[in-house]
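Next come the chains, spelled out residue by residue.
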Number of protein chains: 4
Amino acid sequence: MSILRFTGYLAAILLGTQPAMADEKWWPSPWGADDEAGNTNYMTPAKTLAATALIKQGVVVKLGHDYHAEMPIPVGRVFALRIPGAPTSKPLGSNRVIYNDEFLTAEIGQVGTQMDGFGHMGLTLGDEADRTKMTFYNGVTAQQMMTPRGLIKNGVEKLKPIFTRGILIDLEGGLGHTLAAGYEVTVDDINKTLAWQGMSADDIQPGDALLLHTGWGRLWMVDNQKYASGEPGPGQAAATWLAGKKLVLVGMDNWSIDVMPNKNAPDIAVPAHITLLLKNGILLHENLKLSDLASRQQYQFAYIFTPLPIRGATGSPGSPIAVY
Amino acid sequence: MSILRFTGYLAAILLGTQPAMADEKWWPSPWGADDEAGNTNYMTPAKTLAATALIKQGVVVKLGHDYHAEMPIPVGRVFALRIPGAPTSKPLGSNRVIYNDEFLTAEIGQVGTQMDGFGHMGLTLGDEADRTKMTFYNGVTAQQMMTPRGLIKNGVEKLKPIFTRGILIDLEGGLGHTLAAGYEVTVDDINKTLAWQGMSADDIQPGDALLLHTGWGRLWMVDNQKYASGEPGPGQAAATWLAGKKLVLVGMDNWSIDVMPNKNAPDIAVPAHITLLLKNGILLHENLKLSDLASRQQYQFAYIFTPLPIRGATGSPGSPIAVY
Amino acid sequence: MSILRFTGYLAAILLGTQPAMADEKWWPSPWGADDEAGNTNYMTPAKTLAATALIKQGVVVKLGHDYHAEMPIPVGRVFALRIPGAPTSKPLGSNRVIYNDEFLTAEIGQVGTQMDGFGHMGLTLGDEADRTKMTFYNGVTAQQMMTPRGLIKNGVEKLKPIFTRGILIDLEGGLGHTLAAGYEVTVDDINKTLAWQGMSADDIQPGDALLLHTGWGRLWMVDNQKYASGEPGPGQAAATWLAGKKLVLVGMDNWSIDVMPNKNAPDIAVPAHITLLLKNGILLHENLKLSDLASRQQYQFAYIFTPLPIRGATGSPGSPIAVY
Amino acid sequence: MSILRFTGYLAAILLGTQPAMADEKWWPSPWGADDEAGNTNYMTPAKTLAATALIKQGVVVKLGHDYHAEMPIPVGRVFALRIPGAPTSKPLGSNRVIYNDEFLTAEIGQVGTQMDGFGHMGLTLGDEADRTKMTFYNGVTAQQMMTPRGLIKNGVEKLKPIFTRGILIDLEGGLGHTLAAGYEVTVDDINKTLAWQGMSADDIQPGDALLLHTGWGRLWMVDNQKYASGEPGPGQAAATWLAGKKLVLVGMDNWSIDVMPNKNAPDIAVPAHITLLLKNGILLHENLKLSDLASRQQYQFAYIFTPLPIRGATGSPGSPIAVY
């Protein structure tokens, strides 16, 4: 997607007109009209081997938080775990075995450490009530994609397991301070930090998973209210730059990737989501725990994550690991 | 755990007396009195590197099934996914962004492809109503472990990410037939199959993940009723042998590891669970999809799985991967 | 609503054209453009007193079934109750109090004995994807009515408590046989049965609750599969006749009021629902237990039911009572 | 139950010993050893007729609040409603019918306006881990009563529909001020208020439903935080007096009947619950909306409520009505 095209699109919206879709038909996936896997298509044996080559010490770092009812949860969503019975079973057999279940109700793919899939976010191109004009990844409409009991297109179960090169960009370290809510990460910030890490933008290759460490994530379970009140993140410019890198995934230690509030474009909702996820097939991994990795100054590693294949889900919970 | 000890324990139960716990205090974890991670403690950098060394072609195989309401679900449990609103949000911003959530209610760690954790199964050593006598991994009692809103001991979030050597034992291939429900896998079957694969029991090392392919798993979504009606699996003898191998995990293409029905010990409930999970800290991975791996004759690989760290859960959903 | 109008509407649909809504704007509520209470507006003090006058013996009959996971549940819906902890609390205070909760997940207003509210059923007048053309009671569109977390128009909490004259029409008794699945109840059947009961259609007054006993309900928990396989019920003609009576509610001992299968109009979905609920503001009470009342030959009574006021729900569970 | 007996019981607990249960075996129900209906057994035809005689004007007043996620909810419980799909169905039939469901997850009998049933609250008479010593209404133990998927004794479905005389005691009016949190309602307060209403304690008859209006309920949805922070209510003395009246139900415009905090007996958990519900079979109706009734100065009326018969539930949601 070119900047011009995006600008034209925004202009069209701001002018109250619709983007001309007749000719170009959305932002088509380079992987084909039926593609639902996005940039997980970069997950090839060669990529796996390149990531494997980064495993030298055998250290595994868990990048996800635990899930529980006290974690920061977006207003209106729930996370409720109950143990029925305690124990759930009566004694069974002459050896008197007992067992427990866990009964969970949650917006399971959209709370805690979670990865946004391609059914999560779209744009309404026409009347807000018309599902044939609500468009998601690869031009799929809400009408084509949605049922009340799960998505029939773009569900997370269509994604390939992610086993790839991971790159941590420690913005907090590189810039010398924890990034604040509303801080818009720029391309310059990224390049500067890469240089500080002894790397350059050329080290980023198609299919890599890129993690941005801002330090904001240290508020998790320390000051949940502040954590949820805003966040640093890339704005439109950095998102466009990241999209050009053809990443499989962008992950952050914040709750929604996008800078919040977005002072430079207060009217535009989540531009990084739209650019990365919707138009460029790049998954978003939110609420990651990146400080351990940053403090170890580990900037390259194997990034391993298999989305929980709940059929028709919009996102996936789960803890990715960095292995180096 | 010695066979003698187990036999004595069962004898005590069958005779209506209690096992003498005063002296030996349950089957203590070799990892210490506070251990809640069991054999995931074998997950060391050396182990990670040994597993990494098996990655030669860069092929990733997903070993889990998708989750949905039509999969085989144990009677009494539920799996219900709903997409609120469709889309869940109204158009946001001048770019009119929309998004969807998924709202799930399920016995999330005990349906579909799932790994039993240490809070799942225990033994009632005293009166069935007394929680101080219901005992789980490492001697933790229900009274110490359970709350209505999650376990405070032995929850799956205490487990370490699993990145280890995986070994597939293709019993169906080695024995020349799909194993039937009620077929008790013997130590001899395992040894015979290992030989058929060009391997031996000595190839199995502490911390390995061992997968038993029976062929039973091909019934998944083909004949769910038959699938759920029974299963082949190890009985007491094979479970004891497997326990001696100090595995991190035993996985199968059936729904409960244990042979069902268990003709040789009809009164004993799930002896393999008790031996492996409860007494020896070995996790159980159920409802795996192993036929792809078997048909590729890939018997050694990296086995990678990070339990979904839901605080206080008894098990974990998720798709492990084999990488070779 | 006249038959002519309905016929014209259907003809329009069958011919692939849209009904002309420009002039007549749906079937407007006689209670005003903002009405969301439908015929519960007939619940006046005078009506309450008329119903009270029927209470002569002081007998209360429960007309609803108990709710549990084994009851007939429409495919795809769930009813799952769990008792967390058992007990849910630890001992509290020096008197060591304990308590239990119940944790329920269910399509709560649409399982078991339940009353359909005005947000439950509508007609798609335009493109199936366009919410501005999906129209519900009193011309409210899906776009105006729906949010992912509850209806903001036509929710059951807008209904007035029902305390009214109830009339049982014991079709099984009057016609001399249990009505079978697919049996279309006719106006003649109703009149004949009323005569058999010593009553006439003139006894039915605006605001009355009318219960049709077919005997089909005796299959509940006796042969759930047969119960759910079909049902007797009014077709279009009887529904139109019932609508003309300006009832507050029609209740039956079946699961969906409408005759299933509907041999005389196999292409038309649930015509009685549409006529009664959607166009005429008459609530529908399903899965009632009417045989007790019928066997007592109690044909007139106070019918008392307060919809469970879950804000934005489409229906209500709960057990109505007949008092005589 | 005599005061002496209760005092002896408390003394026993405070002294660290157990009450002597051998001889008297709990507080047995006067309705028999198998009774699970408690004082709903007072619901007889005569009682129905006595209540009916109070219906003179035909006015119906709803005494319950609407249910929604923003209402005051006890910490740790949830109320989550979702509308799947919106609409839930695709267009059906040539008339293109659509419908919606509501999917609810909630501690359904213990949130919002709710009635505590006999499985809700008990006392632990022995070791806190021993279910055979956790005792509920009519001496039923947790071991006898509980399963992970519902109670098999003392569930709310065992209660009879309540159609009885209701009496409102407008304490706020009688005492001349809104009662504050921690205000302990005394027997003298009740008698004084009854006199102010032109009534006396002799007007209260067995099987009556007694409602105490404190004014505290006006905080509902006005200042939820304050509402939940405490409440006025009867202490031990008033509860004992109320128990002596053999009521079917005590209802209040607070969230837990009992005075909170209970300055006079800070160590004793919910004494009014124990006295009324557990020992005397009197149901508790919480979070009622009583100010309308109080402002109309309607002190006698028919009180009508049918518990939602969810099998094995500990409480019931639902809106009772006062009819006068």
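Here is a short report on the structure shown in this document. Worth saying up front: this structure is predicted, and the values here are computed from it rather than measured.

## Some remarks on the overall build of chain A
Here comes step 1: Secondary structure assignment for chain A yields 9 helices and 18 strands.
Here comes step 2: For 324 residues, the compact-globule estimate of 2.2 N^0.38 gives 20 Å, and chain A sits close to it at 20 Å.
Here comes step 3: Counting only C-alpha atoms and orienting by the principal axes, one finds that chain A spans roughly 75 × 50 × 45 Å.
Here comes step 4: Put simply, chain A has 324 residues, and 66% of those count as buried.
Here comes step 5: Taking all contacts inside chain A whose residues are at least 6 apart in sequence as the whole, residues at least 24 apart take part in 74%.
Here comes step 6: Summing over all exposed atoms, chain A offers an accessible surface of approximately 10400 Å²; the carbon and sulfur share of this is 54%.
Here comes step 7: Separation between the mean location of the 26 positive side-chain charges and that of the 30 negative ones in chain A comes to 6 Å.

## Considering the nonpolar core
Here comes step 1: Leu211 and Tyr303 of chain C together with Leu211 and Tyr303 of chain D are the most contacted members of the largest nonpolar core, which has 157 residues in total.
Here comes step 2: The next biggest cluster of nonpolar side chains, apart from the first, holds 155 residues, and it includes Met115, Leu168, Leu242 and Ile274 of chain B.

## Structural notes on the relation of the copies chain A and chain B
Here comes step 1: In screw terms, the move from chain A to chain B is a rotation of 180° and a rise of 0.0 Å along the axis, fitting with an RMSD of 0.0 Å. With respect to symmetry, the two chain copies, as superposed, fit the operation of a two-fold axis. Minimal C-alpha distance to the rotation axis in chain A is attained by Thr105 of chain A, lying at 2.2 Å.
Here comes step 2: Of all interface residues in chain A, 100% are interface residues in chain B too; the two copies therefore contact each other through one and the same surface.

## Regarding the interface of chain A and chain D
Interfaces are often sized by the amount of accessible area the parts lose when they come together.
Here comes step 1: On the side of chain D, 16 residues touch chain A, which itself brings 16 residues to the contact.
Here comes step 2: Counting the surface lost from both chain A and chain D, the interface buries some 1200 Å², and carbon and sulfur atoms represent 42% of this.
Here comes step 3: On the chain A side of the contact with chain D, Arg82, Arg131 and Pro148 of chain A bury the most area, a combined 37% of that side's loss.
Here comes step 4: Between chain A and chain D we count 4 salt bridges in total.
Here comes step 5: Note that Arg82 of chain D and Glu107 of chain A form a salt bridge whose closest N and O atoms lie 2.7 Å from each other.
Here comes step 6: Taken together, the connections running from chain A to chain D amount to 10 residue pairs in polar contact (both at pLDDT 80 or more).
Here comes step 7: By residue class, the composition of the side of chain A that touches chain D is 6 nonpolar, 4 polar and 6 charged.

## So, the environment of Leu249 of chain D
All names here are of chain D.
Here comes step 1: Looking at where Leu249 falls in the secondary structure, it is placed in strand 14 (residues 249-252).
Here comes step 2: Accessibility expressed as a relative area gives 0% for Leu249, which makes it buried.
Here comes step 3: Placed 41 residues apart in sequence, Leu249 and Asp208 show a C-alpha to C-alpha distance of 7.1 Å.
Here comes step 4: Excluding anything up to four places from it in sequence, Leu249 contacts Met115, Ile162, Asp208, Ala209, Leu210, Leu211, Ile282, Leu283, His285 and Tyr303.

## A closer look at the packing of aromatic side chains
Residue and element names in this part refer to chain A.
Here comes step 1: Applying the stated rule across the entire model yields 22 aromatic pairs over all chains.
Here comes step 2: With 4.8 Å between their ring centres and 85° between their planes, Trp31 and Tyr42 make a pair best called edge-to-face. One end of the pair, Trp31, is in the loop between helix 1 (3-14) and helix 2 (45-52); the other, Tyr42, is in the loop between helix 1 and helix 2, and 11 residues separate them in sequence.

## Comments concerning the interface of chain A and chain B
Here comes step 1: Taken together, the contacts link 93 residues of chain A with 93 residues of chain B.
Here comes step 2: In total, about 7600 Å² of surface goes out of reach between chain A and chain B, with carbon and sulfur atoms giving 60% of it.
Here comes step 3: Applying the counting criterion to the chain A and chain B interface returns 2 salt bridges.
Here comes step 4: Residue Asp101 of chain A is joined to Arg77 of chain B by a salt bridge in which the shortest nitrogen-to-oxygen separation is 2.8 Å.
Here comes step 5: The tally of links between chain A and chain B comes to 41 residue pairs in polar contact (both at pLDDT 80 or more).
Here comes step 6: Per-class residue counts for the side of chain A that touches chain B are 48 nonpolar, 29 polar and 16 charged.

## Quick look at the side chain of Arg131 of chain D
Here comes step 1: Mapped onto the secondary structure, Arg131 of chain D falls in the loop between strand 6 (121-124) and strand 7 (134-135).
Here comes step 2: At 2.8 Å, the side chain of Arg131 of chain D and the backbone oxygen of Ala86 of chain C are in polar contact.
Here comes step 3: Once residues within four sequence positions are removed from consideration, Arg131 of chain D is found in contact with Gly85, Ala86 and Pro87 of chain A, Ala129 and Arg131 of chain B, Gly85 and Ala86 of chain C together with Thr141, Ala142 and Gln143 of chain D.

## Overview of the sheet that holds strand 7 (residues 134-135) of chain A
Here comes step 1: Reading across the sheet, the 3 strands line up as 7(A)-6(A)-3(B) and stay open at both edges, with antiparallel pairing between neighbours. Edge positions in the sheet fall to strand 7 of chain A together with strand 3 (97-99) of chain B, since each of these pairs with one other strand and no more.
Here comes step 2: Strand direction decides the pairing type here: strand 6 (residues 121-124) of chain A and strand 3 of chain B, joined by 3 bridges, are antiparallel. Residue Gly122 of chain A lies in a different strand from strand 3 of chain B, and its bridge partner there is Ile98 of chain B.
Here comes step 3: Sheet contacts for helix 8 (residues 271-280) of chain A: strand 6 and strand 7 of chain A together with strand 3 of chain B; angle to strand 6 of chain A, the most-contacted strand, approximately 105°.

## Structural notes on the pattern of salt bridges
As a working rule, side chains carrying opposite charge can pair if their charged atoms are close by.
Residue and element names in this part refer to chain D.
Here comes step 1: Taken as a whole and judged by the stated rule, the model has 37 salt bridges over all chains.
Here comes step 2: Across the pair Asp208 and Lys47 runs a salt bridge whose closest N-O atoms are separated by 2.6 Å. Of this pair, Asp208 sits in the loop between helix 5 (187-196) and strand 12 (209-213) while Lys47 sits in helix 2 (residues 45-52), placing them 161 residues apart in sequence.
Here comes step 3: A residue is classified by how much of its surface remains accessible, and Asp208, at 0% relative accessible area, is buried.
Here comes step 4: Under the relative-accessibility criterion, Lys47 is labelled buried at 8%.

## Here's the deal with helix 7 (residues 236-244) of chain A
All names here are of chain A.
Here comes step 1: With 7 of 9 residues buried, helix 7 lies mostly within the body of the structure.
Here comes step 2: Within helix 7 the residues assigned to the buried category are Gln236, Ala238, Ala239, Thr240, Trp241, Leu242 and Ala243.
Here comes step 3: Looking at the residues trailing helix 7, positive phi occurs at Lys246, about 55°.

## What to know about helix 5 of chain D
All names here are of chain D.
Here comes step 1: When helix 5 is considered as a whole, its buried residues turn out to be Asp189, Ile190, Thr193 and Leu194. The buried residues of helix 5 all sit within an arc of 130° when viewed along its axis, so they share a single face. Of the exposed residues in helix 5, the ones pointing more than 90 degrees away from its buried face are Asp188 and Ala195.
Here comes step 2: The secondary structure elements touched by the buried residues of helix 5 are strand 10 (162-170), helix 4 (171-175), strand 11 (184-185) and helix 7 (236-244).

Conventions used here
- Residues numbered from 1 in each chain as written.
- Chains lettered and ligands numbered in written order.
- Predicted model: local features only at pLDDT ≥ 70, side-chain atom pairs only at ≥ 80, totals over all residues.
- Heavy atoms only, no water.
- Helix = DSSP H or I, 4+ residues; strand = E, 2+ residues; numbered from the N terminus.
- Rg over C-alpha atoms; globule rule 2.2 N^0.38 Å.
- Buried < 20%, exposed > 50% of the residue type's maximum accessible area, 1.4 Å probe, protein only.
- Contact = heavy atoms within 4.5 Å.
- Areas by Shrake-Rupley, 256 points an atom, 1.4 Å probe, with all protein chains shown as cover.
- Lys, Arg positive; Asp, Glu negative; His and termini not counted.
- Charge placed at Lys NZ, Arg CZ, Asp CG, Glu CD.
- Core = buried A, V, L, I, M, F, W, Y, C linked by side-chain atoms within 4.5 Å.
- Least-squares fit on C-alpha atoms with pLDDT ≥ 70 in both.
- Buried area = accessible area lost by both parts, 1.4 Å probe.
- Salt bridge = Lys/Arg side-chain N within 4 Å of Asp/Glu carboxyl O.
- Polar contact = N/O pair within 3.5 Å; in protein donor to acceptor, adjacent residues only side chain to side chain.
- Nonpolar A, V, L, I, M, F, W, Y, C, P; charged D, E, K, R; others polar.
- Phe/Tyr/Trp six-rings, centres within 6.5 Å; stacked < 30°, edge-to-face > 60°.
- Pairing = 2+ DSSP bridges.
- Axes fitted to C-alpha atoms, helices over the stretch in contact; angles between N-to-C directions.
- Arc of directions from axis to C-beta.

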